[in-house]
Amino acid sequence: MRRVGGTATAKVSATGAVLVALLAGCVTQAANAPSPRASAVSPTADPSGATTTVCKQIRSDVASRMSSLGEALGDYLGYQAADDDDAVEDAREAVTAQVKELGAAIARAGGAANDAAIREAASKASAAVDRVAVSSDLFSGLDSLPDIPAAIDKISDAAQPIADACN
């Protein structure tokens, strides 16, 4: 089963790279440019909430969670192949928790944004990722390693609002 998990990790990491790539363009000059009336140094501006900083944090959070999500999906498939119903349920709960953690990370990082559009997109993406996490649809059709990209696509589609806002 470790072999299945390792292969799943590689597939999820590769597929996760697509999600990270969607977020890679998370820099917009317009969102970070000072307003024409603003001075170059604004005492109320929080650099940690700058769009580039927030989007970079979201990309980092997504990338760092792909490996553990891959392991959880691999464990799920391994236990499913072994017909170990109790372990399948535990692994399913672990996958669900991983996806919920991803949604929470998007909400946390996006909520710190100075730009209202980024905050709104992060909120929408987080809510959509949470819906995927609790939906039985995430696991429908997840029977073997080749099915993992489709499961990851469901998460990626849910995170699309923040990907769009960061591009």
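Residues numbered from 1 in each chain as written. Predicted model: local features only at pLDDT ≥ 70, side-chain atom pairs only at ≥ 80, totals over all residues. Heavy atoms only, no water.

## Observations concerning the overall build of the protein
The test is simple: Where helices and strands are cited, they refer to DSSP runs of H or I of at least four residues and of E of at least two residues respectively, numbered from the N terminus. Each residue's exposure class comes from its accessible area (1.4 Å probe, protein chains only) as a fraction of the maximum for that residue type: buried when under 20%, exposed when over 50%, partly exposed otherwise. Only heavy atoms matter for contacts: two residues are in contact if any of them lie within 4.5 Å across the pair. Computed with a 1.4 Å probe, the accessible areas rest on the Shrake-Rupley method; for each residue, only the protein chains presented here act as cover.
Of the regular secondary structure elements, the protein holds seven helices and zero strands. Going residue by residue from the N terminus, the α and β elements of the protein occur as α-α-α-α-α-α-α. A total of 167 residues make up the protein; the buried ones form 39% of that total. A sequence separation of at least 24 residues applies to 78% of the contacts in the protein between residues at least 6 apart. Element-wise, carbon and sulfur atoms account for 53% of the exposed surface of the protein, whose accessible area totals about 8400 Å².

## Some details on helix 6 (residues 148-158)
Quick reminder of the rule: Think of the arc as the fan of directions from the helix axis to the C-beta atoms.
If you check which residues of helix 6 are buried, you get Ile-148, Ala-151, Ile-152, Ile-155, Ser-156 and Ala-158. Axial view of helix 6: buried residues confined to an arc of 160°, hence all on one face.

## Some remarks on the state of the cysteines
How we decide: Our working definition of a disulfide is a cysteine sulfur pair at a distance within 2.5 Å.
Inspection of the entire model under this criterion finds one disulfide. Covalently, Cys-55 is tied to Cys-166 through a disulfide, its sulfur atoms 2.0 Å apart. Torsion about the S-S bond of the Cys-55 and Cys-166 cystine: about -80°, corresponding to left-handed handedness. With Cys-55 in helix 3 (residues 51-81) and Cys-166 in helix 7 (residues 160-166), this residue pair connects regions lying 111 residues apart in the sequence. We classify Cys-166 as buried; its relative accessible area is 0%.

## Concerning the side chain of Ser-126
Convention followed: Here a polar contact is taken to be a pair of N or O atoms separated by no more than 3.5 Å, where protein atoms must pair a possible hydrogen donor with a possible acceptor and residues adjacent in sequence count only if both atoms sit in side chains.
Tracing the sequence through the fold places Ser-126 in helix 5 (residues 116-134). The exposure class assigned to Ser-126 is buried, which follows from its relative accessible area of 7%. Within the structure, Ser-126 has its side chain in polar contact with the backbone oxygen of Gly-103 (distance 2.8 Å). Residues in contact with Ser-126, not counting those within four places in the same chain, are Gly-103, Ala-104, Ile-106 and Ala-107.

## What about the packing of aromatic side chains?
For any pair of aromatic rings, the description rests on two quantities: the centre-to-centre distance and the angle between the ring planes. Worth spelling out the cut-off: For this analysis, a ring pair means two rings from Phe, Tyr or Trp (six-membered ring only for Trp) whose centres lie within 6.5 Å, classed as stacked if their planes differ by under 30 degrees, edge-to-face if by over 60, and tilted for the remaining angles.
Under the counting rule described, the total for this entry stands at one aromatic pair. Geometrically, the ring pair formed by Tyr-76 and Phe-139 is tilted, given 5.0 Å between the ring centres and 55° between the ring planes. With a gap of 63 residues between them, Tyr-76 in helix 3 and Phe-139 in the loop between helix 5 and helix 6 connect regions that are remote in the sequence. Residue Tyr-76 is classed as buried on the basis of its relative accessible area, which comes to 4%. For Phe-139, a relative accessible area of 5% gives the class buried.

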